[in-house]
Amino acid sequence: MNRREGEACPRRNADAALDRDAGAASSSPVVAAFKVFQQELDTKHDKHERLVKISRDVTIESKRTIFLLHRVTSVPNAEDILKEAEVKLDAVRQKIGQIAEELRGEDLFQFHRAFTPGIQEYVEAVSFLHYIRHRGLISLEEINARLVFSTAEKVDPEGTAEEPQTAGPALTFQVTPSDYLLGVADLTGELMRMCISSVGNGDIDTPFQLSQFLRQIHDGFSYIGNTGPYEVSKKLHTLRQSLGKVEDACYALRVRGSEIPKHMLADVFSSRTALPDPEEGVV
Amino acid sequence: VDFGEFSCGDEIRKVVQTLEQAAREILTVLQSVHQPSGFKEIPSKCAKARELFCTVRTQLGELKTKFPVEQYYRFHEHWRFVLQRLAFLAAFVVYLETETLVVREEVAKILGIQVVREKGFHLDVEDYLAGVLIMASELSRLAVNSVTAGDYTRPLRISNFINELDSGFRLLNLKNDPLRKRYDGLKYDVKKIEEVVYDLSIRGLAKDAGDK
């Protein structure tokens, strides 16, 4: 029966104290085995914690980017905001590179819970920027294409290298389809808000564009229904509400749009009370 | 967006069900050691249990094929429960045979799986530890039933064993997760066994049989 002997493990003060108390037990193979387990578990927990911290930074910066992007509707030069947002998201991508580094050689699903909130927030931010620019939905492939980080950059001072030297396979972070979906679901909430604020600014074209876009997203999610991850079903419910608000606003604009003074257009949204979801109980 | 990945779940579930059935069968064999008549038959029961583990090895081999090897943790929750039970049953068999704590490598060998993640379908250290804790509860029950069956020496040996296990677990820095909750139950097992030992010693029933 092969067995792990008590290898040289870094001892902390706590261990030393325990050994004193345990006396003879400190030399037992059981205790020796558990010291190895302690190390293994500590290493795993430490990595988890580091990922949580990075993920929190990703969340905060992504959220700030989203707030920044909301200002495009109320500002004359949208391009400045978009450029600034791009800079912010580059910084976020750097952070995601740190996540990728931590996950090198690991099973990313073992730590998924640590970084999924940040990643979803990033998806939300980057897809928001994409929509504002291109009026379309960014694809998962496009997102992942920008999450390629090279390993150690080799700078050849002479500049004589004919081929770029890479230290090995490039480090990447691949957003999972599940995180992508959840991020897009959250995006719809931001789009709904953008819809409201654009109406308040007298823009009566954007609501109709958004309505169509949101409907497409909603239909996509409906198709997935309950076959996807559990969290998607929950977000589908919120998505329906967002879509409902936007559709009602479009209706109001269509029917009464010319009658409403511009500064009161925003009220078009607030008069709608939350109606019960007709499909409640099915989701 | 491709959801083909989610269809793995059904295939995995089917194999897990067969594993749960096998685990139940092994448990049935080993449970009988709690009966007075069962004590004498411990070696044959262990042998029978080991035979049944053959089936488990086959089934786990089957399970491995149902998903991409590098996505163990994506589907881990599907088999975590049954794997912990199997770890417990392996640990229990080894205890009954040798009265020592089975090492993780031995459990993996009995189940026909790896210890190290990179080498393939493996036994996560936390699942091994959970299995050990399940066994601790089983042993506290065994201590009680040993006395009923007239064996007054076994409880002392179980007591030494569990105390050593407890020392080991105290070294771990656990998070507030299911493993920690399960570990919290160990102190009740320790207490129960201590009470059995106390009952025996004040009545002078257990002589000097505490040494391994």
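None of the values given here were measured: they were computed from a predicted structure. (Residues numbered from 1 in each chain as written. Chains lettered and ligands numbered in written order. Predicted model: local features only at pLDDT ≥ 70, side-chain atom pairs only at ≥ 80, totals over all residues. Heavy atoms only, no water.)

Asker: In this structure, what is going on with the UniProt feature "binding site: Mg(2+)" (unreviewed entry) in chain A? I would like to understand it.
Answerer: All names here are of chain A. Using the residue numbers shown here, the UniProt feature "binding site: Mg(2+)" (unreviewed entry) corresponds to Glu124 and Glu190. In terms of the greatest pairwise C-alpha distance, the residues named above, spread along 67 residues, form a tight cluster of at most 8.5 Å across. With sequence-adjacent residues up to four places away left out, Glu124 is seen in contact with Ile66, Gly183, Asp186, Leu187 and Glu190. Note on placement: Glu190 falls in helix α6 (residues 177-200). Look at Glu190 and you get buried, because its relative accessible area is 12%. Other than its neighbours up to four places away in sequence, Glu190 contacts Ile66, His70, Glu124 and Phe128. (UniProt positions renumbered as here; feature names shortened; annotations may be inferred. Contact = heavy atoms within 4.5 Å. Helix = DSSP H or I, 4+ residues; strand = E, 2+ residues; numbered from the N terminus. Buried < 20%, exposed > 50% of the residue type's maximum accessible area, 1.4 Å probe, protein only.)

Asker: Help me understand helix α4 (residues 104-111) of chain B in this model?
Answerer: Quick reminder: α-helices carry 3.6 residues per turn. Residues three or four places apart thus point the same way. When you tally the buried positions in α4 of chain B, you get seven out of eight residues, the bulk of the element. Listing the buried residues of α4 of chain B in full gives Arg104, Glu105, Glu106, Val107, Ala108, Ile110 and Leu111 of chain B. Buried positions along α4 of chain B lie against α2 (29-70) of chain A together with α2 (42-64), α3 (72-98) and α5 (125-148) of chain B.

Asker: Can you walk me through the confidence of the model for chain B in this structure?
Answerer: Note: predicted coordinates in regions of low pLDDT should not be interpreted at a detailed level. On average, residues of chain B carry a pLDDT of 92, and 94% of them reach 70 or more. Predicted complex, confidence summary: ipTM 0.90, pTM 0.81. (pLDDT = per-residue confidence, 0-100.)

Asker: I tried to follow the UniProt feature "binding site: Mg(2+)" (unreviewed entry) in chain B on my own but got confused; where do I start?
Answerer: Residues and elements named next belong to chain B. According to UniProt, the positions carrying the feature "binding site: Mg(2+)" (unreviewed entry) are Glu138. With respect to the helices and strands, Glu138 occurs in helix α5. With near-sequence residues (within four places) excluded, Glu138 lies in contact with Gln31, His34, Phe88 and Phe92.

Asker: What should I look at first to understand the layout of surface pockets in this one?
Answerer: Its boundaries defined by the atoms lining it, the largest pocket holds a volume of some 1300 Å³. Around the largest pocket, the lining is made up of 36 residues, and of these Phe109, His112 and Arg113 of chain A together with Tyr73 and Glu77 of chain B lie nearest the centre. If you list the elements that add at least two residues to the lining of the largest pocket, you get α2, α4 (112-134) and α6 of chain A together with α1 (8-31), α3, α5 and α7 (178-184) of chain B. Among the elements that line the lining of the largest pocket, the one with the most residues is α3 of chain B, at seven residues. Its residues assigned to classes, the lining of the largest pocket comprises nine nonpolar, 12 polar and 15 charged. Both domains that meet at the lining of the largest pocket, namely domain 1 (1-123) and domain 2 (131-212) of chain B, each give it at least three residues. (1 Å grid on protein atoms, 1.4 Å probe; cavity = no way out; pocket = protein on both sides within 12 Å on 5 of 7 lines; lining within 4 Å. Points joined across faces, edges and corners; volume = space filled by probe spheres on them. Nonpolar A, V, L, I, M, F, W, Y, C, P; charged D, E, K, R; others polar. Domains from an automatic or database assignment.)

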